[in-house]
Amino acid sequence: MNAVLSPFASLRLTLVGMVLLAIGAAMSYGNPETTSVWVLVVPMAFLAINLLAAIITNPRINRRGGLLTFHIALLGVVILAAIGRLTHLEAHVELVQDTAFSADELFDDSRGPWHASDLDKLVFVQGPYTVDYAPGMVRGLTHSEVRVPDGQGGWERRVVGDDRPLVLEGYRFYTSFNKGFAPLLTWMPEQGEPQTGVVHMPAYPLFEFKQDNTWKPPGGPEIKFWLRLETGMTEKAAWILDGQKAKGTLVVNSGAERVELQPGETVNLPGGQLRYERLSTWMGYKIFYDPTLQWLFVTAVFGVLGMSVHFWRKFGARMPAAAAADTLKAGNYSATSKGRAI
Amino acid sequence: MNEWNTATELPWLWAGMASYALATFIVIRGVVLTRGGAAGAAVNRGYETPAFIFILAGVALLAMALAERWIRIGHGPFVNLFELLMSQLFSLGVIYSFAYWRYPAIRASAVVALPLMWILGVWVLMLEPSATAFPPTYYNNWLWAHVGLGKFFLGFCLVGTGLAGALLLRGVPRLEPWFRQLPSDAMVDHLAWRFMLLAFIFHSAMLIAGAVWAQDAWGRYWSWDALETSSFLTWLALGGAIHARLTYRLPMRAGAIFIIVVFIIAFLTYFGTPFYSSAAHKGVI
Ligand code: HEM
């Protein structure tokens, strides 16, 4: 079998594979749309076959435990990364305060062909959030409150943000710069049931100058909303964006009519009455799912440990005798001097 | 914002650089004085201790500069290029002085390694010491692991490159006497690759720590951003160089050139990336 495999195990092929992988990596810089994932997959598959053949046939690698561990870990990382791409999910969602996560609201999502979605099982409710800003409008830490079932019929409060994602069933929810306000409104039509919902305003403070949106009530003409916010936002000093403390005046335009509403106030419009209940907020999350993460980490750490053992065995022993003699001759100091272990 | 006047760390930085400058001068003068005589004749080693003292003094002064700045702006030297250069100058000094002390046989190669540090030195002296806000994604302990491991990588790479450079310079007949103190070419080559393999281990570990941090901070462990692409290429280049040496039994000088190429790629990764990417890592925004 070795005779069959040996040509595949050539270390010259390894160098070819490495050059191809370097080209693929350079082409992948910035994930351009025009670059196919095959520029990475082909060299990696090529290297994997080459490495597997070398592991089977080459005693220079398969008889040295540490080196072997490192190379097997390399194979492992490539295989796990591939499984990760096939099963992954990446998506975004924007959740209004006091509403539960719903898998139907995902957008910009990409998922691997083997992704078996468990998103429907996820339960959590968005709470309020705060974001620290340093002078010059530099965004600092985000604290986003969520409520998750505590397993005993109640809710458990958790604060997530920046480096602390919310992890549910392997799905990781990361807060993002994308967050804003959402006035809560009740529409009471002349006939029929009242309905309550939010008007989702653009991200804040990114689109601070453009807090507007429209809504068309059933049976009535389109209403234009503009939200005038008081959040304490300032360029010069540090401030905290806190939806609980923010005040928002809702400017309502319907046809020729223009009214300013404070929370709790109502206006009569063609087709019904509109009440501005209160100012609410929304938080944008990035969702990431990859079941291989922990395995990738463990495998890669084993690889580094393996290479360290290899290094230790290879160099930990005393330096070659000839070289030692050489050093002494050149250095003019005795073997007991501090410089013994070259 | 002009921060030249408020940056109280600058005198320490300048003093530290002056100390490195003296060490560099002493080393160059020291090896240049080794002239004439046959190979193996007594060599001038009198410069070694004074040079070592000045490197150590430079490290201590840079530590003061870093501490002063840390207190002044309230966060560690992780964000802008001025800070990165300053902290690299410190950590390269620590690692290089350790190698210099522990392996007396390599000391003459400081004539290559110390001037390499001067690329960073001149650069940092030209930059405004402005403070940049600390991004929220940097409040993460993996940052420390990632940055720390990277410093070991670059430090060992510097020692290896110093030796590789000495090996090449030694081939020039006029310069050969400078390196009489170094062991044989075979030993220099062996030592240089030993440091490069150590650098490889730290680079691999740095990539892992960086991936964990990226997963926490940006919700993805790898996405081919400027630094990720560049550091992957550095890792591959070093792995490739190690392989090429074993596969083709490269002549020592060719191996030394490989080491220098890896160092250049690593250098561009660390200090060149800011020029073609608006933010070193995305979290800066
Ligand atoms: C994918 C195909 C690969 C094969 C077939 C392969 C094979 C080998 C073999 C046979 C050795 C032992 C050489 C000797 O001591 O004579 C070795 C060593 C080594 N390989 Fe690989 N390898 C592969 C990929 C890689 C990659 C991608 C890297 C990292 C970028 C890497 C890094 C190393 C290192 C650092 C050594 C240690 C050399 C030393 O002890 O000085 N290898 N490899």
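Residue numbers restart at each chain and count upward from 1, following the sequence in its written direction. To read the labels, note that chains go from A and ligands from 1, taken in the order they are written. Note on the predicted model: pLDDT of at least 70 is required for a residue's local features to be given, and 80 or more for side-chain atom pairs to be given and counted; whole-chain, interface and lining totals, by contrast, use all residues. Note: side-chain values were computed over all heavy atoms of the structure, leaving out hydrogens and water.

## Description of the coordination of the iron atom of the ligand
For Na, K and Ca the donor cutoff is 3.2 Å, while for all other metals N, O and S atoms count as donors only within 2.8 Å; water does not appear among the atoms, so some sites may look incomplete. Of the protein atoms, only H71 of chain A (NE2) and H243 of chain B (NE2) coordinate the iron atom of the ligand, at distances of 2.0 Å. Every geometry call rests on angle ranges, with four donors termed tetrahedral when all angles are between 85 and 135 degrees, four termed square planar and six termed octahedral when opposite donors are over 155 degrees apart and all others are between 65 and 115, and everything else termed irregular. One way to put it: the 6 donor atoms around the iron atom of the ligand meet at angles of 81 to 178°, and that makes the site octahedral. Pair noted here: H71 of chain A is in helix α5 (residues 65-87) and H243 of chain B is in helix α7 (residues 226-248), and the two residues belong to different chains. Accessible area is worked out with a 1.4 Å probe on protein chains only. A residue is then buried under 20% of its type maximum, exposed over 50%, and partly exposed in between. The exposure class of H71 of chain A is buried, given its relative accessible area of 8%. The buried category is assigned to H243 of chain B, whose relative accessible area is 18%. Starting at the N terminus, helices and strands are each numbered in turn, a helix being any DSSP run of H or I of at least four residues and a strand any DSSP run of E of at least two.

## Considerations on the sheet that holds strand β11 (residues 239-242) of chain A
All names here are of chain A. Judged by pairing direction, the sheet is antiparallel, and its 4 strands sit side by side in the order β5-β4-β3-β11 without closing on themselves. This sheet does not close on itself; its edge strands, each paired only once, are β5 (155-160) and β11. Each neighbouring strand pair of the sheet contributes to a mean axis angle of 15°, computed without reference to strand direction. In this scheme, strands are said to pair when DSSP sees at least two bridges between them. Note that strand β3 (residues 125-134) and β11 share 4 bridges and pair antiparallel. Think of each axis as a best-fit line through the C-alpha atoms, taken over the contacting stretch in the case of a helix, with angles from 0 to 180 degrees between the N-to-C directions.

## Overview of the sheet that holds strand β10 (residues 223-230) of chain A
Sheet strands associate in pairs through backbone hydrogen bonding, adopting either a parallel or an antiparallel arrangement. Residue and element names in this part refer to chain A. Taken together, the 4 strands give an open sheet; going across it, the order is β9-β10-β12-β13, and neighbouring strands pair in antiparallel fashion. A single partner strand is all that each edge strand has here, and the edge strands are β9 (212-215) and β13 (257-261). Direction aside, the axes of adjacent strands within the sheet are offset by 20° on average. Where β10 meets strand β12 (residues 247-254), 7 bridges bridge the pair, whose relative direction is antiparallel. Across the sheet, residue W226 finds its bridge partner in β12, namely V251.

## Quick look at the site of the ligand
Residues in contact with the ligand amount to 25 residues; listed here are only the nearest, R60, H71, H310 and K314 of chain A together with H243 of chain B. We define proximity as follows: a residue is near a molecule or strand when any one of its heavy atoms falls within 4 Å of that partner. Looking at what sits near the ligand, you find residues from chains A and B. Any pair of nitrogen or oxygen atoms within 3.5 Å is treated as a polar contact; in protein, a donor-acceptor pairing is required on top of that, and neighbouring residues in sequence qualify only through side-chain atoms on both sides. Residue R60 of chain A places a side-chain N or O atom 2.4 Å away from an oxygen atom belonging to the ligand. A distance of 2.5 Å is found between an oxygen atom of the ligand and a side-chain nitrogen or oxygen belonging to H310 of chain A. Listing elements by their share of the shell around the ligand, those giving two or more residues are α2 (11-28), α3 (38-57), α4 (59-62), α5 and α6 (293-315) of chain A together with α6 (185-218) and α7 of chain B. At 5 residues, α7 of chain B tops the list of elements feeding residues into the shell around the ligand.

## Description of the packing of aromatic side chains
Any two of the Phe, Tyr and Trp rings considered here, Trp counted by its six-membered ring, make a pair once their centres fall within 6.5 Å; the pair's planes then place it as stacked at under 30 degrees, edge-to-face at over 60, or tilted in between. Considering all chains together, one arrives at 39 aromatic pairs over all chains under this definition. Taking 5.1 Å as the distance between ring centres and 25° as the angle between the ring planes, the aromatic pair formed by F152 of chain B and F202 of chain B counts as stacked. With F152 of chain B in helix α5 (residues 141-169) and F202 of chain B in helix α6, this residue pair connects regions lying 50 residues apart in the sequence. Between the aromatic rings of F263 of chain B and F267 of chain B, the centroid separation amounts to 6.1 Å while the plane-to-plane angle is 40°, which identifies the pairing as tilted. Highlighted residues: F263 of chain B and F267 of chain B, both in helix α8 (residues 252-276), separated by 4 residues, approximately one helical turn. Neither F263 of chain B nor F267 of chain B differs from the other in exposure class; each is buried. A cation over a ring is seen here: K210 of chain A above F207 of chain A, with NZ or CZ 6.0 Å from the ring centre. Sitting over the ring of Y103 of chain B, R102 of chain B keeps its end group 5.9 Å from the ring centre. Look at NZ for Lys and CZ for Arg. If either is within 6 Å of the ring centre and within 35 degrees of the ring normal, a charge sits over the ring.

## Observations regarding α2 of chain A
For a helix, the expected span equals 1.5 Å multiplied by the residue count minus one. Taking 1.5 Å of rise per residue, 18 residues should cover 26 Å, and α2 of chain A covers 25 Å from first to last C-alpha, within 8% of that figure. What α2 of chain A keeps buried is the set T14, L15, G17, M18, L21, G24, A25 and S28 of chain A. On its buried side, α2 of chain A packs onto α3 of chain A together with α7 of chain B. Just downstream of α2 of chain A lies G30 of chain A, where phi reads positive at about 75°. We call two residues contacting when some pair of their heavy atoms lies within 4.5 Å.

## Examining the interface of chain A and chain B
The interface is formed by 54 residues belonging to chain A together with 56 residues belonging to chain B. Whenever Lys or Arg places a side-chain nitrogen within 4 Å of a carboxyl oxygen from Asp or Glu, that contact is recorded as a salt bridge. In this assembly, chain A and chain B are joined by 1 salt bridge. When the shortest N-O distance is used, the salt bridge between R172 of chain A and D216 of chain B registers 3.8 Å. Our count for the contact surface shared by chain A and chain B stands at 6 residue pairs in polar contact (both at pLDDT 80 or more). Elements with a contribution of two residues or more to the side of chain A that touches chain B: α2, α5, β4 (138-149), β7 (171-189), β15 (272-289), α6 and α7 (321-331) of chain A. The residue inventory of the side of chain A that touches chain B, partitioned by class, reads 32 nonpolar, 11 polar and 11 charged. Three residue categories are used. Nonpolar comprises Ala, Val, Leu, Ile, Met, Phe, Trp, Tyr, Cys and Pro, charged comprises Asp, Glu, Lys and Arg, and polar comprises the others, including Gly.

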